[in-house]
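Coordinate analysis (summary)
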Amino acid sequence: MSVEKIDTLVVGAGQAGVAMSEHLSNCGVPHLVLERHRIAERWRSERWDSLVANGPAWHDRFPGMQFSNFDADAFAPKERVADYFVDYAEMIDAPIRCGVEVKEVCRNDGRPGFRIETSDGVIEANNVVAATGPFQRPIIPAIVPEDAGISQIHSNAYRNPEQLPEGAVLVVGAGSSGAQIADELLRAGKSVYLSVGPHDLPPRRYRGRDFVWWLGVLGKWDVAALEPGTEHVTIAVSGAHGGHTVDFRQLAAQGLTLLGRTESFSDGVMHFATDLADNIAKGNANTLSVLDEADAYVVRNGLDFPEQPEARVVGADPQCVTDPILALNLVETGITSIIWATGFALDYSWLKVDAFDDAGKPKHQRGVSAEPGIYFLGLPWLSRRGSSFIWGVWHDAKYLADQISIQRHYRAYKPSD
Ligand SMILES: Cc1cc2nc3c(=O)[nH]c(=O)nc-3n(C[C@H](O)[C@H](O)[C@H](O)COP(=O)(O)OP(=O)(O)OC[C@H]3O[C@@H](n4cnc5c(N)ncnc54)[C@H](O)[C@@H]3O)c2cc1C
């Protein structure tokens, strides 16, 4: 059987794979991108129907192309985001092959490069870039048994309120996904319980600028990973309904019940930690710290931005915060479904190389792995806070293309006599 050969194989054609292709082309590196489904598939089939980008269109994009026919300050619906990457791939003429899954990558014996088993034959490559996403495998903590008589789904399987059975719903996790889903369910007339863990809570807009701008000028997106393995802290932010600051107290005022971190379940009763007030307070402290830094930036740069003192007003804690529910009998409360907005794990079971630590986490520096020729892209905190986001992955891809190019030059060197 003939074996196809390519210098660099990129696995996955989400935003990371598309960005990688652009920079590899710019460096003159022959490459191929394999995508098991369609370009930017996760934006189409692993997000809820009403999802819009968390950042405005002027920001949540690559430098080389704007969203066409779309207000730059508005939040692009998920299908528009996916279409954007399809258009971008076309614009840069990215060599993407869709419908091909990478099944296994192994190191060649006694010669350079890797052997890649795919659903469409074998490929050999000198380099492999794993661009299979920051959020690969949904995690549902083993808290409520499957036979507990309650519908349980992960946030990546949530589509819309109509999908849920009649009755109240418990949303576990209050990052961007959990907070937005809970809000949508509340607006749809559902009785909603929201279990809130630690989170960052940037103000949506302050003094006439969106938070993405503030985090940009304040250098927050570029905060470097303190050490390999820095964990992702969830940011509670929403672009829904024109974009607004996530306000847990406001949600409570509208009838939603806030709960602490979900801890355990026994005999039909869910138990919650006593950390609710603390989590809410820390989220507000995070908001205020951003406002303080923003104000200092305005003064330092002599900017004529309108004052916004009301942004600092924090409402009184609702009763569910001051007198938190620590145990809830789900059936008696009428809760018929649970949505676990509890994050994702990585799954590199196809990558059979020496690039992982004892806990199975990728071992790398800015995406350059411990196994020469293997690169990671798109992971949370790969190099900085922005690494898993649209605008951040593009810069990480540029760095990796440079590294691949440097190694190609070394390998091409021949002594001059
Ligand atoms: C609900 C949600 C909302 C988000 N909103 C925003 C936002 O507004 N702005 C922002 O900047 N970021 C946002 N993100 C974060 C991030 O932008 C997305 O997670 C984005 O999808 C990551 O892109 P990626 O290319 O790194 O990975 P993915 O989009 O996960 O792409 C990886 C691709 O690899 C393919 N693949 C996987 N395994 C294989 C294999 N073995 N062989 C071949 N192909 C394979 C998959 O099919 C997939 O298409 C959001 C994330 C979530 C979960």
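Above this note sits the structure.
This section reports on the structure supplied with the text. Residue indices follow the written sequence of each chain, beginning from 1 at its first position. The predicted nature of this model means local features are confined to residues of pLDDT at least 70 and side-chain atom pairs, given and counted, to a pLDDT of 80 or more, with totals for whole chains, interfaces and linings taken over all residues. Working from all heavy atoms in the structure, the side-chain values ignore hydrogens and water.

With that settled, consider the sheet that holds strand E15 (residues 269-272). Following DSSP output, two strands are said to pair if at least two bridges run between them. Helical segments are the DSSP runs of H or I of at least four residues, strand segments are the runs of E of at least two, and each set is numbered from the N terminus. Across the sheet, three strands lie side by side as E14-E15-E16; this open sheet has antiparallel pairing. Looking at the sheet topology across the chains shown, the edges are occupied by strand E14 (262-266) and strand E16 (327-329). Neighbouring strand axes in the sheet, compared pairwise and without regard to direction, differ in orientation by 20 degrees on average. In this sheet, E15 lies alongside E14 in antiparallel orientation, the contact comprising four bridges. From the neighbouring strand, Phe-265 faces E15, where its bridge partner is Met-270. Only the stretch in contact is used when fitting a helix axis, every axis being a line fitted to C-alpha atoms; angles between N-to-C directions are given from 0 to 180 degrees.

Salt bridge criterion: a side-chain nitrogen from Lys or Arg within 4 Å of a carboxyl oxygen from Asp or Glu. What the rule picks out here adds up to 22 salt bridges. Here Glu-101 makes a salt bridge to Lys-103, at a shortest N to O gap of 3.8 Å. The shortest N-O distance in the salt bridge between Asp-295 and Arg-207 comes to 2.9 Å. In this pair, Asp-295 sits in helix H7 (residues 276-300) while Arg-207 sits in the loop between strand E11 (205-206) and strand E12 (209-210), placing the two residues 88 residues apart along the sequence. Exposure is judged per residue with a 1.4 Å probe applied to protein chains only, and the accessible area is read against the type maximum: over 50% gives exposed, under 20% gives buried, and values in between give partly exposed. What makes Asp-295 buried here is its relative accessible area of 19%. Among the charged side chains, a network of salt bridges with common partners joins Arg-44, Lys-78, Glu-79 and Asp-83.

Nearness is judged by heavy atoms alone; a residue qualifies as near a molecule or strand once a single heavy atom is within 4 Å of it. Close to the ligand lie 32 residues; Glu-35, Arg-42, Asn-54, Asp-60 and Ile-390 are nearest. Separating an oxygen atom of the ligand from a side-chain N or O atom of Gln-15 is a distance of 2.8 Å. We define a polar contact as two N or O atoms separated by no more than 3.5 Å, with the added condition that, inside protein, one atom must be a possible hydrogen donor and the other a possible acceptor, whereas residues neighbouring each other in sequence contribute only through side-chain atom pairs. One of the backbone N or O atoms of Ser-388 is found 3.5 Å from an oxygen atom in the ligand. Only the protein chains shown count as covering a residue, and every accessible area follows the Shrake-Rupley method with a 1.4 Å probe. For the ligand, whose free accessible area comes to 980 Å², the fraction covered by protein is 95%. Secondary structure elements with two or more residues in the shell around the ligand: helix H1 (15-26), strand E2 (31-35), helix H2 (41-45) and helix H10 (390-412). Looking at the shell around the ligand, the element that brings in the most residues is H2, giving three residues. Residues are grouped as follows: nonpolar covers Ala, Val, Leu, Ile, Met, Phe, Trp, Tyr, Cys and Pro; charged covers Asp, Glu, Lys and Arg; every other residue, Gly included, is treated as polar. A per-class count over the shell around the ligand returns 16 nonpolar, nine polar and seven charged.

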